[in-house]
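A structural walkthrough
Each chain, letter by letter, is given below.
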Amino acid sequence: MLFNSIQFAVFFPVVAATYFALPHRYRVPFLVFASYVFYMAWVPSYVFLLLFSTFVSYAAARGIESSKSVGLRRALFVTGLCVNLGILFLFKYFNFFNDSMQWIFERFSLPYHTPDWRLLLPVGISFYTFQTVGYVVDVYRGQVPAERNPWVFALYVSFFPQLVAGPIERAGRLIPQLRARHNLDYQQATDGLKLMAWGLFKKVVVADRLGSIVAVVYANPENHAGPAYAIATIMAAWQIYCDFSGYSDIAIGSAQVMGVRLMTNFERPFFARSLPELWRRWHISLTTWFRDYLFFPMGGSRGGVVRTMRNVVFVFAICGLWHGANWTFVLWGALTGVLLCVSMVTQPLRRAAATRMGLDRIPRIHAVFQTIATFFVFSFVGIFFRAHNVQDAFTIYRRLFTGWLDLFQGGRFRDFVYSLGLAKVETFWLSVSVLAILIGVEAVQQYGPIAPRIQRYPVWARWCMYYAFILAILYLGVFDESPFVYFQF
């Protein structure tokens, strides 16, 4: 069930209204039931994977907490991790590693025979697996108690707003909220609905409009030149951001309506002034998960610069693999890790260069320059993320610097727009305009949230703005129920 579908537009109000109408003791079981209905809207049979992962994690954590034997605690911990990660590997990575091994064996003319299982990837498996793995680790470390109520734990794993694409929540933060009694709070509910509307705007008005252009260009790497790839690559960065942050806004907003506060997942990352800062503001629930459960256990930044850089590159390569079973994602992650290391190592040199050039005396211009440079580096590396395969990515990189002079010849711009798969030049400018509106709103949010400012307006002015915004979504939105990009992960 997609957030941008008619089904969800009916499902969510019914669930929220029923939730508040029920006595407190029935609310958690009801939300578990609603979450499973939500998940079964895709492939009903894969709900058994969700049930199995929930049962194993619940039992392992209870056993870890109650056991006095160090060996048994460790065995239960390893079992909980292996079962959850094993399911993820089987459904998401088995064919990837199988194909890679087959390619290697063929290069050396060696026989290789392994079953080729083309299993459909269960939606959201990467997200709820990381959530259960984090829970088992936290219980083993003694950071959170094992949840005794099976209904509450089942809801922690399956809570429908964040089930299929996060945010990846921690047990210590989410479980107490799920157990607590929530009354309908008008201000909290309306703030949640506004956030959901803003997320829907990002998705159907901005992301899906840009996505149609990006898809045409990236589907035919040999048929386009530099200007098309430059536009498509910039739009691809904004598309993935608006698509995923739009999902997060709807998820956070829908949970907020029911009194649950999910963690912030994006903090305007494209206004960051460096690559490390961008990644501290992008998909925060995932980056902090990798930091706490992989980077720190590997030693983190202890042990010197070389070891820190090794850890960063390895973690981001794994982060790339988490995004998809394709070498394009692995290369994207590893290259991102390398650039993060370069950014950290060269920071003193860049500061010295900025001072020598006098940029420290014009901080606003310097900040704009840093922001633009950071965005272009992120977008340039993102070609690996968006390309269908490694060969296509290198083709795009090679052709990115061709064909620029042709763009400025008479009548070429219209042909260029047509090459993007658009029937009218006006459609191109409409896509650029909605993106400019989004950037403008986020620029204003750099100086504080907009909602409290709007709240100070007269009632008639506020409602005129709300109606205008809803009409803009209805009129400008692309309502083809396009799935969210991160559903494939």
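In this text the structure is predicted, and so the values were computed from the model without any measurement.

1. Examining the packing of helix 3 (residues 47-66) against helix 4 (residues 70-107)
- Between helix 3 and helix 4, whose axes approach to 8 Å, the crossing angle comes to 165°. When the axis of helix 3 is compared with that of helix 4, the two are roughly antiparallel. Regarding helix 3 and helix 4, the two cross each other, and that crossing is left-handed. Taken together, the residues of helix 4 that come into contact with helix 3 (itself represented by L49, F52, S53, V56, S57, A60, G63 and I64) are R73, L76, F77, G80, V83, N84, I87 and F91.
- Taken together, the residues that form the contact of helix 3 with helix 4 break down as 10 nonpolar, five polar and one charged.

2. A short note on the side chain of T374
- Looking at the secondary structure, you find T374 in helix 15 (residues 363-386).
- We classify T374 as buried; its relative accessible area is 8%.
- Here the side chain of T374 touches Q370 through a polar contact of 2.8 Å, landing on its backbone oxygen.
- If near-sequence neighbours (up to four positions away) are discounted, T374 is found in contact with A272, R273, S274, L275 and L278.

3. A closer look at the environment of A255
- Within the element layout of this structure, A255 appears in helix 9 (residues 226-257).
- Since its relative accessible area comes to 0%, A255 is described here as buried.
- Among residues more than four places away in sequence, those in contact with A255 are F159, P161, V260 and L262.

4. Examining the state of the cysteines
- Summed over all chains, the structure comprises zero disulfides.
- In this structure C319 is a free cysteine whose sulfur lies 14 Å from that of C341, the closest cysteine sulfur available.
- The exposure class assigned to C341 is buried, which follows from its relative accessible area of 2%.

5. Details of unusual backbone geometry
- The phi angle at R268 is positive, at roughly 45°, despite the residue not being glycine.
- Inspection of the secondary structure puts R268 in the loop between helix 9 and helix 10 (275-281).
- A relative accessible area of 25% means that R268 is categorised as partly exposed.
- For H283, which is not glycine, the phi dihedral falls at a positive 40°.
- Relative to the helices and strands, H283 is located in the loop between helix 10 and helix 11 (284-295).
- A relative accessible area of 1% places H283 in the buried class.

6. Regarding the side chain of N311
- Locating N311 in the fold gives a position in helix 12 (residues 305-323).
- The class for N311 is buried, based on a relative accessible area of 0%.
- With residues near it in sequence (within four places) discarded, N311 still touches F295, M298, G299 and G300.

The rules behind these values
Residues numbered from 1 in each chain as written. Predicted model: local features only at pLDDT ≥ 70, side-chain atom pairs only at ≥ 80, totals over all residues. Heavy atoms only, no water. Axes fitted to C-alpha atoms, helices over the stretch in contact; angles between N-to-C directions. Helix = DSSP H or I, 4+ residues; strand = E, 2+ residues; numbered from the N terminus. Parallel < 35°, antiparallel > 145°, perpendicular 65-115°, else oblique. Left-handed = near helix turned anticlockwise from the far one by under 90°. Contact = heavy atoms within 4.5 Å. Nonpolar A, V, L, I, M, F, W, Y, C, P; charged D, E, K, R; others polar. Buried < 20%, exposed > 50% of the residue type's maximum accessible area, 1.4 Å probe, protein only. Polar contact = N/O pair within 3.5 Å; in protein donor to acceptor, adjacent residues only side chain to side chain. Disulfide = S-S within 2.5 Å.

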